[in-house]
Amino acid sequence: MALKLLQRLPKQVGQIVIHRYACTNSGLLFRCQSDLHLCVACLCTLSPNCIQNHGCRKRQLDGTRRGLTTIVREPSFAGSSSVGLHKDSFSRFCLIQMHHATPAEEQTFYTRLNKCTSSRQVFRFLRSVEVMTDSMAAASLHRVAELEQGVNCLKDPSVLEEHTIRVLCKQLEEDSGRLTDGGLISALLACTRLYLDPWSTLMVRLVSESQERLDRGYLKVGHLCDLGQAMLALEGPGSVMLEQVMSQIQKQEPAQWSLADLRAMYKLLQSGAGFDGKYCDLLNAMHTHAVTVTSHMNPATVSELLGVLTSLNQTQAMPLVISLCKRAVRHVPHFSDEELTLVLGALMHFGHSDHYFVDAMEKYVPTMAFISHPETVTKVMQFFGRRNILSPVVFDAVAESFVYRADEYTPSQVARQIMPFGKLGYLPPNAANVFRKVETILHTRFSHFQPRTLLNVLHSCILVERFPVNFVSKVFSSYFLQQLQEQGTGIDRYVLAQLTQLYMTMKLECPFYEGPQLLPQYRVKSFLMPGHSLETPVDVHLYNSVKTGLVDLLGARSYFGSKVLTPYCYTLDVEIKLDEEGFVLPASHNDEVFKRIALCIDGQKRYTSNKRQLLGKEATKQRHLRLLGYDIIQIPFYEFDKLRNKTSVVEYLHQKIFPHSYRLSW
């Protein structure tokens, strides 16, 4: 008999442990961590082609532990989709015939529900409600899920044993056939968020009913999206039911969708349905439609869509990104911390910003720097640093807040707030207090910093002439260097370049430093490297124009060197050598060199994007070259671009390089 029972089990049930427990009719079960439990009565009636209407429960002394049950969908009942709560000693939900809540009643319900700040408050509120629609019931489950959401689990799974939620779910289970499409699918999605056992009677019945309605082919886009979310949670991206949902959605025209439908579809694709390049045509059609409705988007929608575009890496959707950025300008003061963090992250990802958005941020940041979430303030600094936007208003406000709030920041947040100051070469008015705070944090929490995070902080300090002498000895120690090698894939060239520049700074600007030296094997020979570099490559067009002018000025190409790598790791755009009497020597001449002139041909990329201020790394390079004995001559793009002819170019270069001598005509 036992052998026959086991042979009749469907394959998808998996391994089932048989126990002698009483069978009950309870349908609300949370996800169990152990094997599935069925009673003998259920096994006797189980077949591969049907889901039986027996529930099983492992009885314990306290009567609270539940196992898995499966049921078949009972015949549908005629009636409406409203649920009522009887105010007796044992509250029960039941369907009320022909009841339809008015918009005012629904709005009042949702307002009071959203004011609940704990699951217990939700349950108390539900016990006070006379009647509710199925959508209200589903919304209640969603609210509990929001309040109890943890990392892949509920923070307090015991809420599922509350009598109110058990009775509510029991009624949804029994009357699934009478629920509206929206109420049914919303309830299913809420159950996945509550991590209910997918093989419980409630879940099986809701999925079965949803499948029937999906097969009929008349579900609306919003309902299809919610169903897709539920199936992603239950079965993952490979779900057959999800494929059916996406197939029906693709038959529809995105241009006809409402903003709510568009938003729901983006969320579905972000949740996992749209990765691996799937549904590109659908996404492009959605992007085209979204551009036309951005003017109607609220702050939550703008941030959500930018987050989706970032997650899906929709680089081809730049028109939509630009449109959303324009819409975000008026929403800046109204974004929540989480929403603003998403917006800034997306704009960094797509490399976009405009001056209107920057202006809005400059007005808003001074009001939020002291009160917003640390990660939001950090993201603000990252945005301005990544986009090379120097805003004294923003930087000063963040610097002020840093002095008072840095103790609550993580090491990563400390580093990401300090790095933009170094990158853009900006010192706030309270720089002394800021870097004193940085030093205090490093002293008290040195071991909390990851090696690369610490190196980024120290390197940023030297870019603004703040020298971390007290910590360099630890960085140059063999123990720290070993930690750098063990972190990630080892020490890359950029990290070695940072170490080398830190070492050079100690040699050139802190001669009193007597700690450990950086071993030769950790030094680079050139700071100029492909990709991430401590030097900005010279602008080719500007360089060629200057080179032509130098040939006309000096008389021959041989009198100056180009892209000269010095023994000090820096690369000179142009080097001119002079003897003791001030005559120009050929570039190949190495004897009797009395003076070396380094021409820095500074294109736009060597400056902040909105001001004529050199980036920190370029200012540091020129500072170090001066200390090494070079005469630095700057050729900034904004001066050179004004020159209109050959004569003006030669005259300009002569005044720059030889301001105290007459120029001979060749």
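Remember, predicted model here, so these are calculated numbers, not experimental data. (Residues numbered from 1 in each chain as written. Predicted model: local features only at pLDDT ≥ 70, side-chain atom pairs only at ≥ 80, totals over all residues. Heavy atoms only, no water.)

Any chance you could explain a nonpolar patch on the surface here in plain terms?
Together, F370, I371 and Y404 give the surface a local cluster of nonpolar side chains, amounting to about 400 Å² of exposed area. Relative to the helices and strands, I371 resides in the loop between α16 (355–368) and α17 (374–386). The exposure class assigned to I371 is exposed, which follows from its relative accessible area of 68%. (Patch = residues over 30% accessible without salt bridge, like charges linked within 9 Å, V, L, I, M, F, W, Y side chains within 5 Å. Areas by Shrake-Rupley, 256 points an atom, 1.4 Å probe, with all protein chains shown as cover. Salt bridge = Lys/Arg side-chain N within 4 Å of Asp/Glu carboxyl O. Helix = DSSP H or I, 4+ residues; strand = E, 2+ residues; numbered from the N terminus. Buried < 20%, exposed > 50% of the residue type's maximum accessible area, 1.4 Å probe, protein only.)

Any chance you could explain the packing of aromatic side chains here in plain terms?
The geometry of an aromatic ring pair is captured by the separation of the ring centres together with the interplanar angle, meaning the angle of the planes. On inspection of all chains with the given rule, the structure shows 15 aromatic pairs. Between F383 and F384, the aromatic rings sit 5.4 Å apart at their centres with planes inclined by 85 degrees, giving edge-to-face as the arrangement. This pair shows no difference in class: F383 is buried, exactly as F384 is. Taken together, a centroid distance of 4.9 Å and an interplanar angle of 65 degrees make the contact between F527 and Y570 edge-to-face. Of this pair, F527 sits in the loop between α24 (493–509) and α25 (540–554) while Y570 sits in the loop between β8 (561–565) and β9 (571–578), and the two are 43 residues apart along the sequence. The residue whose ring lies beneath K474 is F446, and the NZ or CZ to ring-centre distance is 4.5 Å. (Phe/Tyr/Trp six-rings, centres within 6.5 Å; stacked < 30°, edge-to-face > 60°. Lys NZ or Arg CZ within 6 Å of the ring centre and 35° of its normal.)

Teacher, can you tell me more about the pairing of strand β11 (residues 595–602) here?
Residues in a regular strand project their side chains so that they alternate between the two faces of the sheet. Within β11, 6 of the 8 residues are buried, which leaves the element mostly enclosed by the surrounding structure. Sheet analysis places β9 next to β11, joined by 5 bridges and oriented antiparallel. Within the sheet, the bridge partner assigned to V574 lies in β11 and is L599. Both β11 and strand β12 (residues 631–636) contribute to a ladder of 6 bridges, which runs parallel. Across the sheet, residue A598 finds its bridge partner in β12, namely I632. This β-α-β element, β11 to helix α26 (residues 616–627) to β12, shows right-handed connectivity. (Pairing = 2+ DSSP bridges. Right-handed = clockwise from strand over helix to strand, strands pointing away.)

Looking at this model, I keep getting lost on the nonpolar core. Mind explaining?
Among soluble globular proteins, nonpolar side chains are generally buried collectively. With 168 residues, the main nonpolar core has M246, I249, M265, Y266, F357 and L499 as its most contacted residues. Residue contributions to this core peak at 9 residues, all from α24. Ranked by size, the runner-up nonpolar core spans 26 residues in total, among them L553, L614, V650 and F658. (Core = buried A, V, L, I, M, F, W, Y, C linked by side-chain atoms within 4.5 Å.)

Could you clarify how one ought to interpret the pattern of salt bridges in this entry?
Where charged atoms from two side chains of opposite charge come close, those side chains can pair. On inspection of all chains with the given rule, the structure shows 25 salt bridges. With a closest N to O distance of 3.0 Å, D602 and R606 form a salt bridge.

Honestly, the environment of L242 in this entry has me stumped. Any pointers?
Along the chain, the position of L242 falls in helix α10 (residues 240–250). Each C-alpha atom of the pair L242 and L224 lies 9.2 Å from the other, and the pair is 18 residues apart in sequence. Setting aside residues no more than four positions away along its own chain, L242 makes contact with G228, M231, L232, G236, P237 and L268. (Contact = heavy atoms within 4.5 Å.)

Would you explain helix α19 (residues 411–424) in this entry?
Two residues of an α-helix separated by three or four positions point the same way, owing to the 3.6 residues in each turn. Over its 14 residues, α19 runs 21 Å from end to end, which matches the ideal 20 Å to within 8%, given 1.5 Å per residue. When you tally the buried positions in α19, you get 11 out of 14 residues, the bulk of the element. Among the residues of α19, P411, Q413, V414, A415, R416, Q417, I418, P420, F421, G422 and L424 are the ones counted as buried. The inward-facing, buried residues of α19 contact α17, α18 (392–405), α20 (431–445), α21 (451–463) and α26. Backbone geometry just downstream of α19 places G425 in the positive-phi region, at approximately 65 degrees. (Expected span 1.5 Å × (residues − 1).)

When you look at the confidence of the model for the protein chain in this model, what are you seeing that I'm missing?
Close reading of the predicted structure is inappropriate where its pLDDT is low. Looking at the protein chain as a whole, its pLDDT mean stands at 84, while 84% of the residues score no less than 70. Within the model, pLDDT remains below 50 along residues 1–91, and this stretch shows 205 contacts once partners closer than five positions in the same chain are excluded. (pLDDT = per-residue confidence, 0-100.)

How should unusual backbone geometry be read in this particular structure?
Working note: non-glycine residues mostly have negative phi, and peptide bonds are mostly trans. Phi at Y195 takes a positive value of approximately 60 degrees, unusual for a residue other than glycine. Mapped onto the elements, Y195 comes out in the loop between α7 (181–193) and α8 (201–216). When its relative accessible area of 19% is taken as the criterion, Y195 is described as buried. Positive phi, close to 50 degrees, is recorded for N313, a residue that is not glycine. What makes N313 partly exposed here is its relative accessible area of 42%.

Honestly, α25 in this entry has me stumped. Any pointers?
End to end, α25 covers 21 Å across 15 residues, agreeing with the expected 21 Å (1.5 Å per residue, within 8%). All of the buried residues in α25 are L542, Y543, V546, G549, L550, L553 and L554. The buried residues of α25 occupy one face: seen down the axis, they fall within an arc of 130 degrees. Opposite the buried face of α25, by more than 90 degrees, sit the exposed residues V540 and H541. The opening residue of α25, the one whose side-chain oxygen lies 3.3 Å from the backbone nitrogen of H541, is D539. In the stretch just after α25, G555 is the one whose phi turns positive, near 100 degrees. (Arc of directions from axis to C-beta. Polar contact = N/O pair within 3.5 Å; in protein donor to acceptor, adjacent residues only side chain to side chain.)

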